Amino acid sequence: MAFRPSLVCIVECEVVMSMNSSIMRRCFDLARLGAGWASPNPIVGAVLVHNGRIIGEGYYPRDGESHAEVRAVGSVKEEDRHLIKESTLYVSLEPCNIYGRTPPCTNLILDQKIPHVVVAARDLTPGVNGSGLERLRNAGVKVEEAVLPEIGERLSRYRNVYVSEQRPYILLKYAQTENGFLAPEPSRQYWLTNGYSKRLVHKWRTATDAILVGSGTARVDNPALTSRYFQGRQATRMVIDRKGNLPEDLQLFDGQHPTWVLTENPKEDRANLRYISQDFSATDWLQSLLTQLATEKIAHLTVEGGAWLLSTFVQQEFWDEARVFSTSENWASGKRPPDLGVDPSRSFQLASDKLSVYYNNAF
């Protein structure tokens, strides 16, 4: 006779699943508070729960500081500390199992005798990648994986690409007209998106390590590449200036923020301005550049144009995510954006602008 779960069993399972999802979403919200600051380490959120009540929570705030699990346990009030050994620890990413600047978080979990751990995604860092969960299981800890895994993996993807591909996670950002033109021709400065989209882009800039543009965009648009419309971290500005002949009065060279010039004709560095020699005649120059950026701990790179640079990244399959604004304007002609070759994962309406988000499944 086939086993038929009782209604009570079904309801209890649904309640547990619902609670797991709800608390894990809180972990994700906490993790996002470290966006930009935590790099090149992952953003992580952790919540400690006893009988449905949150008794501690934390997130990873900045590279080199205490991990989310440590902060969650440390935030428990003195009168609740005896409950830790009866609680469940929810973490957006697998707890680390290696010694770095801090001890492994698996040590903390075992030392505190936490009996139950729930995670959303695995950490692909060499030396972790499932070993932390295996160690906990071998020690008798109940471990649940893959709670809201799609969101967890997206949040952790920049770190996992960085450690597994030895290059930055690459985000492409651009705007196009309704009929698919990226920029006017002949080139001239032209702003397509509205104020809401512009502010959102500045928010994104606080969560990336570096922003890259080509010499054409730098010369024509003269962008500042700052996050001045959203409070937060300022990313390193980067520009490809192959011949080293961009005008020195561009906003990129104002000395206000760290700026790297990638060029075949480097000059002497000065305050907040660094010249990096790059051979653009080499067939693998982009791969070489990305490898170099990874050694400089650039784990998340945003590419903001123009047409040639965006197309180069797409053609060589060096992109992980694209955020594309489509506006209501229509042009008779102009430069086309690259063909991403995939459908958007999701889309949003921002007043007159439409934002579409794409993911490259090649990585």
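Residues numbered from 1 in each chain as written. Predicted model: local features only at pLDDT ≥ 70, side-chain atom pairs only at ≥ 80, totals over all residues. Heavy atoms only, no water.

## Observations concerning the packing of aromatic side chains
Overall, the coordinates contain three aromatic pairs when judged by the stated rule. Here Trp285 and Trp308 contribute two aromatic rings whose centre-to-centre distance is 6.1 Å and whose plane-to-plane angle is 10°, an arrangement assigned as stacked. On the criterion of sequence distance, the pair formed by Trp285 in helix α8 (residues 285-295) and Trp308 in helix α9 (residues 307-315) is long-range, its members being 23 residues apart. An aromatic cluster is present here, built from Phe280, Trp285 and Trp308 joined pairwise through their rings. (Phe/Tyr/Trp six-rings, centres within 6.5 Å; stacked < 30°, edge-to-face > 60°. Helix = DSSP H or I, 4+ residues; strand = E, 2+ residues; numbered from the N terminus.)

## Some details on the nonpolar core
Formed by 31 residues in total, the largest nonpolar core has its most connected members in Leu172, Leu301, Phe313 and Leu340. Mapped onto this core, the elements with two or more residues apiece are β6 (169-176), β7 (210-214), β8 (236-240), β9 (259-263), α8, β11 (300-303), α9 and β12 (321-326). Among the nonpolar cores identified, the runner-up in size contains 25 residues, and Tyr60, Tyr90, Leu155 and Tyr169 belong to it. (Core = buried A, V, L, I, M, F, W, Y, C linked by side-chain atoms within 4.5 Å. Buried < 20%, exposed > 50% of the residue type's maximum accessible area, 1.4 Å probe, protein only.)

## Digging into the side chain of Asn41
Relative to the elements of secondary structure, Asn41 occurs in the loop between α1 (7-32) and β1 (45-50). Contact partners of Asn41, with chain neighbours within four places excluded, come to Tyr60, Asp63, Gly64, Arg101, Tyr158 and Arg159. (Contact = heavy atoms within 4.5 Å.)

## Overview of helix α4 (residues 131-138)
Structural remark: α-helix, 3.6 residues per turn; residues separated by three or four positions point the same way. Those residues of α4 not exposed but buried are Gly132, Leu133 and Leu136. Down the axis of α4, the buried set is contained in an arc of 95°. They therefore lie on one face. On its buried face, α4 is in contact with α3 (105-111), β4 (116-121) and β5 (142-144). Among the residues trailing α4, Gly140 stands out with phi positive, at a value near 95°. (Arc of directions from axis to C-beta.)

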